[in-house]
Amino acid sequence: MRALQVQDHSQKPVFLDRSIPTLAANQILIRTAACALNFADLLMIRGTYQETPALPFTLGMEVAGEVADLGADVTDFQIGDRVAGFAGSGGLAEYCPIEATRCLKLTDGMPFDTAASALISYGTSHLALTHRAKLTSDDTLLVLGAGGGVGLTAVEIGAALGARVIAVARGPEKLQVCKDRGADITIDSAQEDVVARVKALGGVDVVYDPVGGDPFVAALKCCRPEARYLVIGFASGDVPQIKANHLLVKNVDVLGFYWGGYMGFAPQILRDSLTDVFAMISKGQLNPHIGGSYDFDRALEALADLKARKSIGKLVVRGPV
């Protein structure tokens, strides 16, 4: 099979011919139809992601396709089932082995590219907002980095849950996409004073922050008493230092959130959340935004576009078959 592999952290990934992986007893083999890209893939190439596999390894965290083979202990799936799964790595290949517990069956009407693009980004936002922040329809939600792949899902899920959503992004194009996805209010961080605008709107109950850095400091100033602040990531490259006295004065909760961690300590909570996400997509309540779709031979171009932040929403590489 063909696979896009990292063989050296100082070099670009390369296309190689490899043997189809031998399955462990608890795995299924997916014939890859779509693989969604993530910034974590870029970190893995450099060897700086917290869960980078040992060299050499195949890139690709989110996969959708058909079941091509079953491990000896797998009973919940059959060959030919349409599935999506969180591989962690291995998705940018003709075939991808994944533990069966990391996979969900898809309805016949669910496109593979939609399913692949929904796992981490929608899964992250749904679990963070429902399980950690316990967002309600009475809350005002502030989303930083709202034009990015994960931020946009927070806008959409927050709106679907009935919250008032304030989306912060850069530029009119991204702001318009946020409006289209349900944002009640949009703020251009390149042109406007975010703190002044949000305070004028009465402050917020929940902050969704995949950015970190200076926007963290600004958003913390916008919190109402007993607000919940979700720390999702640090796309700015700056991990902020929290002044605990600010939390004390307003009784603010800062909630760390790492979606992949639930695979280890609470996998059923994660699976239940993803089941809800796919049900919401099927009902038309959520509509994953795919910013670009690439043939397998153009996977390196897709990674370059991801690095250059040219996209709004997710980038998807179609399987090589």
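Computed from a prediction, not measured in an experiment: that's the story for all the values here. (Residues numbered from 1 in each chain as written. Predicted model: local features only at pLDDT ≥ 70, side-chain atom pairs only at ≥ 80, totals over all residues. Heavy atoms only, no water.)

Some points on the nonpolar core
At step 1: Among the nonpolar cores identified, the biggest contains 73 residues, and L59, L129, Y208, L230, W259 and F278 are the most heavily contacted of them.
At step 2: In terms of residue count, the dominant contributor to this core is helix α2 (residues 112–132) (ten residues).
At step 3: Discounting chain neighbours no more than four positions away, the residues touching L129 are K134, L135, L141, A154, I157, G158, V206, Y208 and L230.
At step 4: By size, the runner-up hydrophobic cluster in this structure holds 22 residues, among which are I166, I187, A227 and V231. (Core = buried A, V, L, I, M, F, W, Y, C linked by side-chain atoms within 4.5 Å. Buried < 20%, exposed > 50% of the residue type's maximum accessible area, 1.4 Å probe, protein only. Helix = DSSP H or I, 4+ residues; strand = E, 2+ residues; numbered from the N terminus. Contact = heavy atoms within 4.5 Å.)

Observations regarding the sheet that holds strand β2 (residues 14–17)
At step 1: What the three strands build is an open sheet, ordered β2-β1-β4; its pairing is antiparallel. Edge positions in the open sheet fall to β2 and β4 (57–58), since each of these has one partner strand only. (Pairing = 2+ DSSP bridges.)

Concerning the packing of α2 against helix α3 (residues 149–160)
At step 1: Two elements in contact, α2 and α3, have axes whose closest approach is 8 Å; the angle formed by their N-to-C orientations is 50°. Judged by the angle between their axes, α2 and α3 are oblique. Classified by chirality, the crossing of α3 by α2 is right-handed. Across the interface between the two elements, S121, Y122, T124, S125, H126 and L129 from α2 touch G149, V150, T153, A154, E156, I157 and G158 from α3. (Axes fitted to C-alpha atoms, helices over the stretch in contact; angles between N-to-C directions. Parallel < 35°, antiparallel > 145°, perpendicular 65-115°, else oblique. Left-handed = near helix turned anticlockwise from the far one by under 90°.)

Details of helix α9 (residues 267–282)
At step 1: A rise of 1.5 Å per residue sets the reference length of α9, with its 16 residues, at 22 Å; its end C-alpha atoms lie 23 Å apart and thus fit the reference within 8%.
At step 2: Buried-residue contacts for α9 involve β6 (82–86), β8 (103–105), α2, α3 and α8 (262–265).
At step 3: Of the residues trailing α9, G284 is marked for its positive phi of about 85°. (Expected span 1.5 Å × (residues − 1).)

Observations concerning the side chain of T140
At step 1: For T140, the location among the structural elements is in strand β9 (residues 140–143).
At step 2: If we skip the residues at most four places from it in the chain, T140 touches R164, I166, G203, V204, D205, V206 and R224.

Examining the sheet that holds strand β14 (residues 253–256)
At step 1: Judged by pairing direction, the sheet is parallel, and its six strands sit side by side in the order β11-β10-β9-β12-β13-β14 without closing on themselves. A single partner strand is all that each edge strand has here, and the edge strands are β11 (185–188) and β14. The mean inter-strand angle of the sheet, taken between neighbouring strand axes irrespective of direction, is 15°.
At step 2: Here four bridges tie strand β13 (residues 223–231) to β14, and the two strands are oriented parallel to one another. Paired with L230 across the bridge in β14 is L255.
At step 3: Each of β9, β10 (164–169) and β12 (204–209) is contacted by α3, which is oriented at about 170° to β9, the strand it contacts most.
At step 4: Packed on one face of the sheet, helix α4 (residues 172–180) meets β10 and β11 and runs near 165° to β11.

So, the pattern of salt bridges
At step 1: Scanning all chains against the criterion turns up nine salt bridges.
At step 2: Note that D297 is salt-bridged to R2, the shortest N-O span being 2.7 Å. One end of the pair, D297, is in the loop between β15 (290–294) and α10 (299–307); the other, R2, is in strand β1 (residues 2–6), with 295 residues separating them in the sequence.
At step 3: Residue D297 is classed as exposed on the basis of its relative accessible area, which comes to 55%.
At step 4: Overall, R2 belongs to the partly exposed group, its relative accessible area being 30%.
At step 5: Close ionic contact of E62 with K314 constitutes a salt bridge, the shortest N to O distance being 2.8 Å. Pair noted here: E62 is in strand β5 (residues 62–70) and K314 is in strand β16 (residues 314–318), with a separation of 252 residues, a long-range link. Both residues of the pair, E62 and K314, count as buried. (Salt bridge = Lys/Arg side-chain N within 4 Å of Asp/Glu carboxyl O.)

Considering the packing of helix α1 (residues 39–46) against α10
At step 1: Taken N-terminus to C-terminus, the directions of α1 and α10 make an angle of 105°; their axes are 10 Å apart at the nearest point. As summarised for this structure, α1 and α10 are arranged roughly perpendicular, according to the angle between their axes. Facing α1, whose interface residues are F39, D41, L42 and I45, α10 presents L303, L306 and K307.
At step 2: Along the lines of polarity and charge, the residues of the contact of α1 with α10 split into five nonpolar, no polar and two charged. (Nonpolar A, V, L, I, M, F, W, Y, C, P; charged D, E, K, R; others polar.)

Things to note about the environment of P111
At step 1: Note on placement: P111 falls in the loop between β8 and α2.
At step 2: We classify P111 as partly exposed; its relative accessible area is 39%.
At step 3: It is 9.3 Å that separates the C-alpha atoms of P111 and A34, two residues lying 77 residues apart in sequence.

Some points on the environment of L104
At step 1: As for its position among the elements, L104 is in strand β8.
At step 2: In this structure, the C-alpha to C-alpha distance between L104 and V83, residues 21 residues apart in sequence, is 5.5 Å.
At step 3: In contact with L104, not counting residues within four places along its chain, are F77, R82, V83, A84, R271, L274, T275 and F278.

Just geometry here; none of it tells us what the structure is for.
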